[in-house]
Amino acid sequence: MNTNNAASEVRWVYRPPRNRRSPESGAEFVGAPVFGVSAADEAGLVDVILTDGTRITARAADVVAEPI
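Described in the following lines is the structure provided in the data block.

1. Some points on the environment of Ala58
Within the element layout of this structure, Ala58 appears in strand β4 (residues 55–59). Expressed as a C-alpha distance, the spacing of Ala58 and Ala40, which sit 18 residues apart in the sequence, is 9.5 Å. In this structure Ala58 touches Tyr14, Gly44, Leu45, Val46 and Val48, once residues within four positions along its chain are discounted.

Here you go:
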């Protein structure tokens, strides 16, 4: 059992699964820090805004928390 109650810091990053990485899916931005994410549309896609202002359309699951 984990008894460590220390807070952990995380950051949100764009990280789609390896089998869906392509130039069209924004593969060059893998690991980039995320500034914000829109609400999902009917198809389950979101607009991901990176900290540099780049916008990518992706699945919500492509944005993950990563320990700092």
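From this point on, the discussion continues.
2. Notes on the environment of Pro17
By secondary structure assignment, the location of Pro17 is in the loop between β1 (10–14) and β2 (34–37). Since its relative accessible area comes to 36%, Pro17 is described here as partly exposed.

3. Side note on the nonpolar core
In terms of nonpolar packing, the biggest core is built from nine residues, these being Tyr14, Ala32, Val34, Val46, Val48, Leu50, Ile56, Ala58 and Val63. Those elements that provide at least two residues to this core are β3 (45–50) and β4. Element by element, the count of residues in this core is highest for β3, at three residues. Ignoring any residue separated from it by four or fewer positions in sequence, one finds Val48 in contact with Val34, Gly36, Thr54, Arg55, Ile56, Ala58 and Val63.

Rules behind the numbers
Residues numbered from 1 in each chain as written. Predicted model: local features only at pLDDT ≥ 70, side-chain atom pairs only at ≥ 80, totals over all residues. Heavy atoms only, no water. Helix = DSSP H or I, 4+ residues; strand = E, 2+ residues; numbered from the N terminus. Contact = heavy atoms within 4.5 Å. Buried < 20%, exposed > 50% of the residue type's maximum accessible area, 1.4 Å probe, protein only. Core = buried A, V, L, I, M, F, W, Y, C linked by side-chain atoms within 4.5 Å.

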